[in-house]
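This is what each chain is made of:
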Amino acid sequence: MTDNDRPPPYVAPEPEDNDDAPDRRAGSISYQDPRSTVPRPPSLAEQRARQEAQKRARDAEYRAAAEEEERRKKRKRILIGTGVTVGVVALVAVIYAASQPDEVTAHCVTEEGVIVDDDYCDDGYARSHGGYSSGGFIFIGGTSYRYNYGGTGTIGGRVSGGTYVKPSGDTTVKTASGKTVQRGGLGVGGSGKSGGS
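To keep things clear, this report deals only with the structure shown in the data block. (Residues numbered from 1 in each chain as written. Predicted model: local features only at pLDDT ≥ 70, side-chain atom pairs only at ≥ 80, totals over all residues. Heavy atoms only, no water.)

1. Remarks on the state of the cysteines
- Evaluated as defined, the whole model comprises one disulfide.
- Two residues share a disulfide in this structure: Cys108 and Cys121, whose sulfurs sit 2.1 Å from each other. Of note, the bridge from Cys108 to Cys121 carries an S-S torsion of about 85° and is right-handed in sense. One end of the pair, Cys108, is in strand S1 (residues 103–110); the other, Cys121, is in the loop between S1 and helix H2 (123–128), and 13 residues separate them in sequence. Like Cys108, the residue Cys121 is buried in the burial classification. (Disulfide = S-S within 2.5 Å. Helix = DSSP H or I, 4+ residues; strand = E, 2+ residues; numbered from the N terminus. Buried < 20%, exposed > 50% of the residue type's maximum accessible area, 1.4 Å probe, protein only.)

Here's what the structure looks like:
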């Protein structure tokens, strides 16, 4: 190879004298011009990361929407349950009020629950025999008597069922012998007899 066949040595081109170009020195920072700089296309890794972030954001939105829907359903069930409970309580109150009989039979019983003659629960009878009444009980000769309301049985036997709580004033209470203990309708007691607790 001769000297004529060799390429000439490399000579760096002279920088153009451009007054608009910034002065570049070693170690200096250059800034991009936002008007003329074209962004580079995202790399494959950046595209995947962006897609993953979008997928996570969508999933979070779906979860939040599902949780809100579940809370809404739960609130609705609670409201319905509350309404049903109030309705059931009202229905039970109506049924209870309707089931209260207009007339109840009262039996005079001893403290052991043995049915005795109605006179033993009569306040006038008790006073004429040295007894007295107190707190719904009639005391005669050391024995206490009171009315059982709604129970069943005959004199000398034990009362079955019923209650010792006096019915409300709108219920008529009569003894087995036909005496009126409480006259219903206006809540005013009947014949002046002492009775229920």
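Having seen it, we continue.
2. With respect to the nonpolar core
- Residues Cys108, Tyr145, Tyr147 and Tyr149 are the most contacted members of the largest nonpolar core, which totals 13 residues.
- Within the residue set of this core, elements represented by two or more residues are S1, strand S3 (137–140) and strand S4 (143–149).
- The contacts of Cys108, once residues within four sequence positions are left out, are Val114, Ile115, Val116, Asp117, Asp118, Tyr120, Cys121, Tyr145, Arg146 and Tyr147. (Core = buried A, V, L, I, M, F, W, Y, C linked by side-chain atoms within 4.5 Å. Contact = heavy atoms within 4.5 Å.)

3. Here we look at the pairing of strand S5 (residues 172–175)
- As paired strands, S1 and S5 are joined by four bridges and run parallel to one another. Residue pairing across strands places Val104 opposite Val173, the latter belonging to S5.
- Bridge count between S5 and strand S6 (residues 180–182): two bridges; the pairing is antiparallel. Each bridged residue has a counterpart across the sheet, and for Lys174 the counterpart in S6 is Thr180.
- From the end of S5 to the start of S6, which pair antiparallel, there are four residues, and Gly178 there has a positive phi angle of about 105°. (Pairing = 2+ DSSP bridges.)

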